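# Observations on chain architecture
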Amino acid sequence: MSDVILEFRQVGRVFTETAEPVTLFQGLDWSLNRGDSVAIMGESGTGKSTLLHLAAALDQPTSGSVWLEGQEISRMGEKALSPLRTRSVGLVFQFHFLLKEFSVLENVLLPSWLAGTPKKAATERALALLERVGLSHRLGHFPGQLSGGERQRAALARALINDPPLLLADEPTGNLDEKNAELVQNLLLELSADAKKTLLLVTHDRSFAARAGYCLHLRGGQLVRP
Amino acid sequence: MKGLPLFFLAFRYVLSRRRHRGFGSVMLSLLGLAAGVLTLNAVLSVMNGFQMTYIDSLVEVSSSHLRWLPVADEPDSIEVSTLLSRVPGVVSVLEESESQTLVQSDAGRQRGALVRGLPSDALQKDPGLRTHLKWQEGGLPQRGEVALGSALAASLGAFPGSSVKLTSLSGPSFSLLEPRVLEYRVVGVFGTGYYDLDANWVIANLSDAKVDLAGATDRYFAVKLNHPEDASWMLASLARASGRPEAEFRTWEDFNRAFFQALRTEKSAMMLLVGLMFLVVGVNIAFSQKRAVLEHRDDLALLVATGTTAARLRWVFALEGLIVGLAAALLGTFAGWGVSLGVSSLGLFSSEAFYIPEVPARMIAGEVVGIALACLASATLAAWWASGQVLKVQPGEVLKNA
């Protein structure tokens, strides 16, 4: 198995929907090794979230290619991407994106249903994760009945339910108060380290970024060491 | 397993919308469709009841199932009727006659009437006639006697034991017609359940009718079948059995063609008009689902990011339509069934307007299934069309800008 889990080859991304085309990346070459934990920092509008979306194939590069676990995801169709996303990527966003019609347990289980994981195994894993993030007493509650920190912890458990090798987190503590932010940061870093996940984290928080394995700055469409 | 969460999600969305908005668009759609199904089932069942009662009852006493019209000088018609009665499916063959007359009672009242000549053993041979011809007084007339329809007897002031005069016209040509007035004793009063018949019918003994009241062309042979609906396709076998391929037969549908065509047209128009309700509700569902897609953009984006495709998610919203359509079809069918059962007892339709004692409702399985399928199709197709919006959701954009 290759050490590289994620690779950007000569990636370019230009947004042409605006009056003036906006170029975020041009010829970006970058790779992320399996098990690494990296924080991406940068000013607003430099393309941090777009980078993450390219890594999850939620966005397509205008040039170059993106490779995930040895497969070129930037040219894949939706049908082929769908199982890859289920199996290989866990996503945590600034907003929790929990489905309000589903309970906490069901929200966490959702990706496992889509992956076709046997019910018993999926439920056992979901319960263990919810225990780990401190939500075992909230299993039957709906997102509307949770605090902001609890919602984000549930979202973290959901991202890990299918045991993906790559965890992508886009400002996961951006909407939280200091106490809850710290709790979520601790959980995210501990869980990814314990399970030997590769973590690609986008944040504005310097102290949070400093806790990752290493930190990169996105400047002028290139990832550079600070 | 993979299809299950989508159905689960669709079901949850329906429940959630009901919970959050009370009688919102989903409930309105459901109730609108159910009302359409109920109305169609109730209206069609009454129409069917009316039509089938007519077939079951009126045809038994009035036109019979088939009539063979022998040519005027047919020498061996009785022999032919014996041959016809041996055809499988034939219950009875009776020689009868029908002619117009003027009736005058002892009280001096006069009415136009139709004299129907029946043989003395008609009730023994024809069980349908025996069942549906209700004798209020007396029974079938012998020679020199007549029976009157109940409404005719009342309007003439005639009663069993009184006498009536019947006027018949006879002569070699129209210009030489001469009236003959014949007196008969009233021996019976009958009811058919149909006002028109009860107000216009006189039953005479066939022997009298043939000699004094009916012309040669007024005779016919009334054929009753086990299954009246088979009348049309039995024509050929009857003609073959009679040994006269050119024999002229008429079915009960021929005699009542205008009536049945009117019923059919009315039924089609009613289906079309009430069916428009499905169209209106379908449009409501379509716009409601389009709004639902927009409301769930975040969920859709998340689900795509988590590992399903927009094309599969489209089914969530189509399934919502299917769930609404299914619930409405079941609700409407059961409610329609209940209304149909209670139509007579609730007195929703006046029996006087239909000239029959009561208006029974009959649901036909094929029609019930057809209506339920139309309801399902309306909701599902509308939802499927609206769910095309799912394909326009850009997960990356939604997740970035939430």
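In this text the structure is predicted, and so the values were computed from the model without any measurement. For every chain, the first residue of its written sequence is number 1, and the numbers climb from 1 along that sequence. The lettering of chains begins at A and the numbering of ligands begins at 1, in the order of writing. Residue-level local features of this predicted model are given only where pLDDT is at least 70; pairs of side-chain atoms are given and counted only at 80 or more, and the full residue set underlies all totals for whole chains, interfaces and linings.

A few words on the pairing of strand S6 (residues 163–170) of chain B. Residues and elements named next belong to chain B. Bridge analysis of strand S2 (residues 90–105) against S6 gives four bridges, and the strand direction is antiparallel. Considered in S6, the bridge of Val103 is made with Leu166. The pairing criterion is simple: DSSP has to find at least two bridges between the two strands. To qualify as a helix, a DSSP run of H or I must reach at least 4 residues; to qualify as a strand, a run of E must reach at least 2; elements of each kind are numbered from the N terminus. As defined by bridge partners, S6 adjoins strand S7 (residues 178–191) across eight bridges and the pair is classed as antiparallel. Following the sheet pairing, Ser163 is matched in S7 by Arg185.

This paragraph deals with the interface of chain A and chain B. Throughout, a pair of residues is in contact if the C-beta atoms placed from their backbones lie within 7 Å. Facing the 24 residues of chain A at the interface are 21 residues of chain B. Elements represented by at least two residues in the side of chain A that touches chain B include exactly helix H1 (48–55), helix H2 (78–88) and helix H3 (104–115) of chain A. Counting residues per element, the side of chain A that touches chain B draws most heavily on H2 of chain A, which supplies six residues. The residue inventory of the side of chain A that touches chain B, partitioned by class, reads 14 nonpolar, five polar and five charged. In the scheme used here, Gly and all other residues not listed as nonpolar or charged are polar, with Ala, Val, Leu, Ile, Met, Phe, Trp, Tyr, Cys and Pro taken as nonpolar and Asp, Glu, Lys and Arg as charged.

Let us look at unusual backbone geometry. Apart from glycine, the bulk of residues carry a negative phi angle, and the bulk of peptide bonds sit in the trans form. Residues and elements named next belong to chain A. Its identity is not glycine, yet Gln10 carries a phi of approximately 50°, on the positive side. One non-glycine residue, Glu69, lies in the positive phi region at around 50°. Looking at the element boundaries, Glu69 is found in the loop between strand S4 (63–68) and strand S5 (71–72).

With that out of the way, let us pick up the packing of helix H11 (residues 257–295) of chain B against helix H15 (residues 365–386) of chain B. Residues and elements named next belong to chain B. The interhelical angle for the contact between H11 and H15, taken along N-to-C directions, is 30°, at an axis separation of 8 Å. Looking at the two axes, H11 sits roughly parallel to H15. In terms of crossing hand, the pair formed by H11 and H15 is right-handed. Contacts from Gly275, Phe278, Val281, Gly282, Val283, Ile285, Ala286, Gln289, Lys290 and Val293 of H11 reach H15 at Ala374, Cys375, Ser378, Ala379, Leu381, Ala382, Ala383, Trp385 and Ala386. Within the contact of H11 with H15, the residues separate by chemical class into 14 nonpolar, four polar and one charged. For helices, the fitted line uses only the C-alpha atoms of the stretch in contact; every axis is such a line through C-alpha atoms, and the angle between N-to-C directions lies from 0 to 180 degrees. Any angle from 65 to 115 degrees is called roughly perpendicular, while one under 35 is roughly parallel, one over 145 is roughly antiparallel, and all others are oblique. Left-handed describes a crossing in which the near helix is turned anticlockwise from the far one by less than a right angle; the clockwise case is right-handed.

Once that is clear, we can look at helix H8 (residues 206–213) of chain B. All names here are of chain B. Exposure in this text rests on C-beta crowding, where 20 or more other C-beta atoms within 10 Å of a residue's own make it buried, 12 or fewer make it exposed, and counts in between make it partly exposed. The C-beta atoms are placed from the backbone. All of the buried residues along H8 are Leu206, Asp208, Ala209 and Leu213. The buried residues of H8 occupy an angular sector of 155° when projected down its axis, which confines them to one face. At its buried positions, H8 is contacted by S2, strand S3 (110–118), S6 and strand S8 (201–205). The reported arc concerns the directions from the helix axis to the C-beta atoms and nothing else.

Attention now moves to the sheet that holds S4 of chain A. Residue and element names in this part refer to chain A. Strand order in the open sheet formed by four strands is S2-S1-S4-S5, and the pairing between neighbours is antiparallel. Both edges of this open sheet fall to strand S2 (22–33) and S5, since each of them pairs with a single strand only. Pairing analysis gives two bridges linking S4 to S5, with the strands arranged antiparallel. By the bridge assignment for S5, Trp67 is matched with Glu72. Sheet contacts for H1: strand S1 (4–15), S2 and S4; angle to S1, the most-contacted strand, approximately 125°.

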